Amino acid sequence: MTILDKIVAHKKKEVARDKVRTTYTQLEESEYFQRETYSFKDFLLSPERTGIIAEFKRKSPSKGIINDDALVKDVTKDYAAAGASACSVLTDYGFFMGRKMDVTRARRAVNIPVLRKDFMIDEYQVIEAKAIGADIILLIAAILTPAEIRNLAALAKSLDLNVLLEVHNLEELERSIDSNLDAIGVNNRNLADFTVTVENSFKLAEHIPNEFMKISESAISDTETIKQLKAAGFNGFLIGENFMKQQDPGAAMRQFVKGL
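These remarks concern the structure in this document. In this text, all values refer to a predicted model and were calculated from it rather than measured experimentally.

As a further point, take the overall build of the protein. A count of helices and strands for the protein gives 13 helices and 10 strands. With respect to the three principal axes, the spread of C-alpha positions in the protein is 50 × 40 × 35 Å. The centroid of the 35 positive side-chain charges in the protein is displaced by 4 Å from the centroid of its 38 negative side-chain charges.

Okay, structure coming up:
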């Protein structure tokens, strides 16, 4: 089994457990379920913002502990102040040390879109994302069928959530495009072996239809790369490890954006 296979197998058990612990009705009665979400596109394209989707991540399966001292409310607040167009927050605990409450903490700290980054395989997780205060959900083409993507994206849009589809290659892109998507992200990380190369984004750029925002994810560690990606048509840039590996992720982002 690849790491991705292990994560998905664990996620199925986790979702089944969560459905017993918290009912759909309880999710729909949460304080954030009726809130109007922020527009991902508006913030991503705003000239006052950087296009950076700054990520809060404590751990990864490939690198182990990245930063388990930083507080999500402090880091996301600093990201927003530094010009982030959105914050990405990992909610998978088993492999990334994320918590669902991290999204809620980020929601309370910032007035920009918050992406719930997890391995979404069930409608329950989409409703849960709305309940905990997310504005955006991530759908990973590598673990979903076209029908599953279509159904989950349609549910998300009915809840006023933005949808980011993540692809790794042309085959995933071509089979997964759906009208309910807001953005398509190219993951520069191979989820089978976790190697990274930004060339993946450049290869797929021209194949992403122009009606979708284009996001490059992972392997971005310098501003020159962002300038090159912008020239290739990308609107957004997901950066996490480059900031989170520093003792003060917010300060790291402030320093980084000086070069944009």
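The next subject is helix H1 (residues 3-21). Over its 19 residues, H1 extends 27 Å from the first C-alpha to the last, a length consistent with the 27 Å expected when each residue adds 1.5 Å. Along H1, the positions that sit buried rather than exposed are Leu-4, Ile-7, Val-8, Lys-11, Glu-14, Val-15 and Asp-18. Mapping the buried residues of H1 onto a view down its axis gives an arc of 125°, with all of them on the same face. Turned more than 90 degrees from where H1 packs its buried face, Lys-12, Lys-13 and Val-20 sit exposed. The secondary structure elements touched by the buried residues of H1 are helix H5 (93-96), helix H6 (100-109) and helix H7 (123-131).

Quick look at the environment of Phe-56 now. With respect to the helices and strands, the residue Phe-56 is situated in strand S1 (residues 52-56). With a relative accessible area of 1%, Phe-56 lands in the buried category. Sequence-wise, Phe-56 and Lys-73 are 17 residues apart; in three dimensions their C-alpha atoms are separated by 9.8 Å.

Now for the side chain of Glu-166. Residue placement: Glu-166 occurs in strand S7 (residues 162-167). In this structure, Glu-166 is buried with no salt-bridge partner, the nearest side chain bearing the opposite charge being Lys-117 at 5.1 Å. At 2.9 Å, the side chain of Glu-166 forms a polar contact with the side chain of Asn-187.

Below, the discussion takes up the layout of surface pockets. When its volume is computed, the largest pocket comes out at roughly 470 Å³. Every residue lining the largest pocket is counted, 28 residues in all, and those nearest its centre are Lys-57, Arg-189, Ser-218, Ala-219 and Glu-241. Those elements that place two or more of their residues in the lining of the largest pocket are strand S6 (136-140), strand S10 (236-239) and helix H12 (241-244). Here the residues of the lining of the largest pocket are counted per class, giving 12 nonpolar, seven polar and nine charged.

With that settled, consider the sheet that holds S6. In space, the eight strands of this closed barrel follow the order S1-S4-S5-S6-S7-S8-S9-S10, with parallel pairing throughout. In this sheet, neighbouring strand axes are inclined to one another by 25° on average, regardless of whether the strands run parallel or antiparallel. In the sheet, S1 pairs with S10 via three bridges, with the strands oriented parallel. Note that in S10 the partner of Ile-53 across the bridge is Leu-238.

This brings us to unusual backbone geometry. Phi is mostly negative for residues that are not glycine, and the peptide bonds are mostly trans. A positive phi angle, close to 60°, is found at Met-97, a residue other than glycine. Turning to its location among the elements, Met-97 is positioned in the loop between H5 and H6. One non-glycine residue, Asp-160, lies in the positive phi region at around 70°. By secondary structure assignment, the location of Asp-160 is in the loop between helix H8 (146-158) and S7. Residue Asp-160 is classed as partly exposed on the basis of its relative accessible area, which comes to 38%.

The rules behind these values
Residues numbered from 1 in each chain as written. Predicted model: local features only at pLDDT ≥ 70, side-chain atom pairs only at ≥ 80, totals over all residues. Heavy atoms only, no water. Helix = DSSP H or I, 4+ residues; strand = E, 2+ residues; numbered from the N terminus. Lys, Arg positive; Asp, Glu negative; His and termini not counted. Charge placed at Lys NZ, Arg CZ, Asp CG, Glu CD. Expected span 1.5 Å × (residues − 1). Buried < 20%, exposed > 50% of the residue type's maximum accessible area, 1.4 Å probe, protein only. Arc of directions from axis to C-beta. Contact = heavy atoms within 4.5 Å. Salt bridge = Lys/Arg side-chain N within 4 Å of Asp/Glu carboxyl O. Polar contact = N/O pair within 3.5 Å; in protein donor to acceptor, adjacent residues only side chain to side chain. 1 Å grid on protein atoms, 1.4 Å probe; cavity = no way out; pocket = protein on both sides within 12 Å on 5 of 7 lines; lining within 4 Å. Points joined across faces, edges and corners; volume = space filled by probe spheres on them. Nonpolar A, V, L, I, M, F, W, Y, C, P; charged D, E, K, R; others polar. Pairing = 2+ DSSP bridges. Axes fitted to C-alpha atoms, helices over the stretch in contact; angles between N-to-C directions.

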